[in-house]
Amino acid sequence: MKTFVATGLAATLMFSVALPAHAEISQRTITISNGVAEDHPVGDGVAAMTQCTTERTDGAWTLNAFWSSALGDDLQATQALRSGTQEMVITSTSPLVGIEPALGVFDLPFLFADAAEADAILDGEFGDYINDMLPESNLVNLAWWENGFRNLTNSVRPVETLADFDGMRVRVMQNNIFLDTFQTLGTNATPMAFGEVFTALETRAIDAQENPFVTIDTSQFYEVQDYLSVTNHAYTPFMVLFSKPIFDTYSEEEQQILIDCAIIGRDVQRAASRELSGQSLQRVIDAGMQVNEIADDAMAEIRDAVQGVYERHAGEIGQEVVDRMMAALDEIRN
Ligand SMILES: O=C(O)[C@H](O)[C@@H](O)[C@H](O)CO
């Protein structure tokens, strides 16, 4: 896939300039499923990808995006891709560990120090290493987009110390590493699909959830949550997944357009995510949420408390996967 990308890009540039295009481009309608709302930065990415595919195919392709889990949650949509009944989904990695356990490496708490590390890992050899595992599950990852650093919101109390997590009923993604992390922090953690979170918070079936600022804002969680504690406890990537059974029916030129345009969408989406993040934090404060940072010593205690999660889950993720991630991070940090 990587070699294909490099040579393809050069070919594409030459191609679009020199040769009569589109001998191998068919009229197509591509359905894209999203769990987040359209005004999430994923919306900017999809708009950029749509513009790119329209240009590269002279309007032969239509991208139909659905938002707020209208076509089912991340896992349901991904299963539809695997069976070849839907083209695309932009999904978190976490709910898909049942399909590819190696994806669990991204759920390890406090793994990335900042967005630059995440980009370097995802757009580098490690990102390709994971991408190369997915065709076996009938999936193709076109590019890595950003969900982001996750923070806890709740309707009980500000979380300033490890003890403040105690007994809180927290929703986590359908993922046993997140479940373990939040149980280890002393909460009563419940796995739940994203589309059910707002109502569960509103009806007080749960007290808390955790997501990046832009999602807390664009999913209006500030309407049903009082406190936001800046934990930055994990970074979740989004994958731009395409159905392999459908991908394999596309011409090489069409496959290249999908990848090129997903990468163009990636850069727009990440930039929008980082720009909106600060604005979203201010917006939820203006909407009445009480935001607290956590002091360094208290944060050190929280980090120490969940270190055991690495050891407990290395086996199911794959020891080699964890070792390669740590080696790649070492390389970046030294
Ligand atoms: O909390 C979650 O479930 C994720 O962070 C969401 O972004 C989800 O993928 C949206 O489909």
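Structure first, text after, so check above.
This is a predicted model, so every value here is computed, not measured.

Cut-offs used in this document
Residues numbered from 1 in each chain as written. Predicted model: local features only at pLDDT ≥ 70, side-chain atom pairs only at ≥ 80, totals over all residues. Heavy atoms only, no water. Helix = DSSP H or I, 4+ residues; strand = E, 2+ residues; numbered from the N terminus. Rg over C-alpha atoms; globule rule 2.2 N^0.38 Å. Buried < 20%, exposed > 50% of the residue type's maximum accessible area, 1.4 Å probe, protein only. Contact = heavy atoms within 4.5 Å. Areas by Shrake-Rupley, 256 points an atom, 1.4 Å probe, with all protein chains shown as cover. Patch = residues over 30% accessible without salt bridge, like charges linked within 9 Å, V, L, I, M, F, W, Y side chains within 5 Å. Salt bridge = Lys/Arg side-chain N within 4 Å of Asp/Glu carboxyl O. Lys, Arg positive; Asp, Glu negative; His and termini not counted. Charge placed at Lys NZ, Arg CZ, Asp CG, Glu CD. 1 Å grid on protein atoms, 1.4 Å probe; cavity = no way out; pocket = protein on both sides within 12 Å on 5 of 7 lines; lining within 4 Å. Points joined across faces, edges and corners; volume = space filled by probe spheres on them. Nonpolar A, V, L, I, M, F, W, Y, C, P; charged D, E, K, R; others polar. Domains from an automatic or database assignment. Core = buried A, V, L, I, M, F, W, Y, C linked by side-chain atoms within 4.5 Å. Axes fitted to C-alpha atoms, helices over the stretch in contact; angles between N-to-C directions. Parallel < 35°, antiparallel > 145°, perpendicular 65-115°, else oblique. Left-handed = near helix turned anticlockwise from the far one by under 90°. Polar contact = N/O pair within 3.5 Å; in protein donor to acceptor, adjacent residues only side chain to side chain. Near = heavy atom within 4 Å. Sits in = over half its atoms within 2 Å of the grid points.

What follows is about the overall build of the protein. Of the regular secondary structure elements, the protein holds 13 helices and 11 strands. For the protein, the C-alpha radius of gyration of 20 Å lies close to 20 Å, the compact-globule estimate for 334 residues. Seen through its principal axes, the protein has C-alpha atoms that stretch 65 × 40 × 35 Å. A buried classification covers 57% of the 334 residues belonging to the protein. Counting only contacts in the protein whose residues sit at least 6 apart along the sequence, the fraction spanning at least 24 positions is 77%. In the structure as shown, the protein presents an accessible area of about 13600 Å², 51% of it carried by carbon and sulfur atoms.

Take a negative patch on the surface next. A surface patch of negative charge is lined by Asp296, Asp297, Glu301 and Asp304. Counting through the fold element by element, Asp304 comes out in helix 11 (residues 296–305). On the basis of relative accessible area, Asp304 is assigned to the exposed category, the value being 56%.

Under the criterion given, the structure shown has two cavities of 30 Å³ or more. Approximately 210 Å³ is the volume found for the largest cavity. Considering the residues around the largest cavity, the lining is formed by 21 residues, among which Asp74, Ser92, Asn147, Phe194 and Phe238 are closest to the centre. Partitioning the lining of the largest cavity into residue classes produces nine nonpolar, eight polar and four charged. Counting contributing residues per domain, the lining of the largest cavity is built from domain 1 (3–100 + 115–147 + 237–275) and domain 2 (151–234 + 280–314 + 322–333), each supplying no fewer than three. One number sums up the size of the second largest cavity: a volume of about 30 Å³. Lining the second largest cavity, in full, are Phe110, Phe165, Phe182, Leu185, Thr231, His233 and Ile302. Its residues placed into classes, the lining of the second largest cavity shows five nonpolar, two polar and no charged.

So, about the nonpolar core. Judged by nonpolar contacts, the single largest core of 56 residues is most densely connected at Phe106, Phe112, Phe126, Ile130, Phe182, Val321 and Met325. Domain assignment of the residues forming this core places at least three in each of domain 1 (3–100 + 115–147 + 237–275) and domain 2 (151–234 + 280–314 + 322–333). Counting 29 residues, the second-largest nonpolar core is a separate cluster that includes Trp67, Val140, Ala143 and Leu258.

Below, the discussion takes up the packing of helix 6 (residues 176–184) against helix 12 (residues 308–317). Running from amino to carboxyl end, helix 6 crosses helix 12 at an angle of 165 degrees, the nearest separation of the two axes being 11 Å. If you check the angle between helix 6 and helix 12, you find them roughly antiparallel. Along this stretch, helix 6 crosses helix 12, giving a crossing that reads as right-handed. Contacts between helix 6 and helix 12 involve Asn176, Ile177, Asp180, Thr181 and Thr184 on the former and, on the latter, Val309, Arg312, His313, Glu316 and Ile317. Split into classes, the residues belonging to the contact of helix 6 with helix 12 amount to three nonpolar, four polar and three charged.

Note that Gln255 resides in helix 10 (residues 252–286). Since its relative accessible area comes to 13%, Gln255 is described here as buried. Polar contacts involving the side chain of Gln255 include one to the main-chain carbonyl oxygen of Tyr250, which spans 3.4 Å.

We now examine the pattern of salt bridges. For the structure shown, the criterion picks out 15 salt bridges. Here Asp248 and Lys244 are joined by a salt bridge, their closest N and O atoms 2.7 Å apart. Residue classification places Asp248 among the partly exposed positions, given a relative accessible area of 43%. Bridged by salt links that share partners, the residues Asp119, Asp123, Glu146, Arg266, Asp267, Arg270 and Arg274 form one connected network.

For the rest of this paragraph, the subject is the site of the ligand. As a structural note, the neighbourhood of the ligand is formed by Gly35, Val36, Asp74, Ser92, Asn147, Arg150, Arg171, Met173, Phe194, Asn211 and Phe238. Side-chain polar atom of Asn147 to an oxygen atom of the ligand: 3.0 Å apart, as the coordinates give it. Here an oxygen atom of the ligand and a side-chain polar atom of Arg150 are 3.0 Å apart. Compared with its free state, where it exposes 300 Å², the ligand has 98% of that area covered by protein. One can see that the ligand is located within the largest cavity. Residue composition of the shell around the ligand, by class: four nonpolar, four polar and three charged. Two domains share the shell around the ligand, each providing at least three of its residues, namely domain 1 (3–100 + 115–147 + 237–275) and domain 2 (151–234 + 280–314 + 322–333).

For Gly288, the location among the structural elements is in the loop between helix 10 and strand 11 (290–293). Look at Gly288 and you get exposed, because its relative accessible area is 56%. It is 46 Å that separates the C-alpha atoms of Gly288 and Phe247, two residues lying 41 residues apart in sequence.

As far as function goes, none of this settles anything; it's purely spatial.
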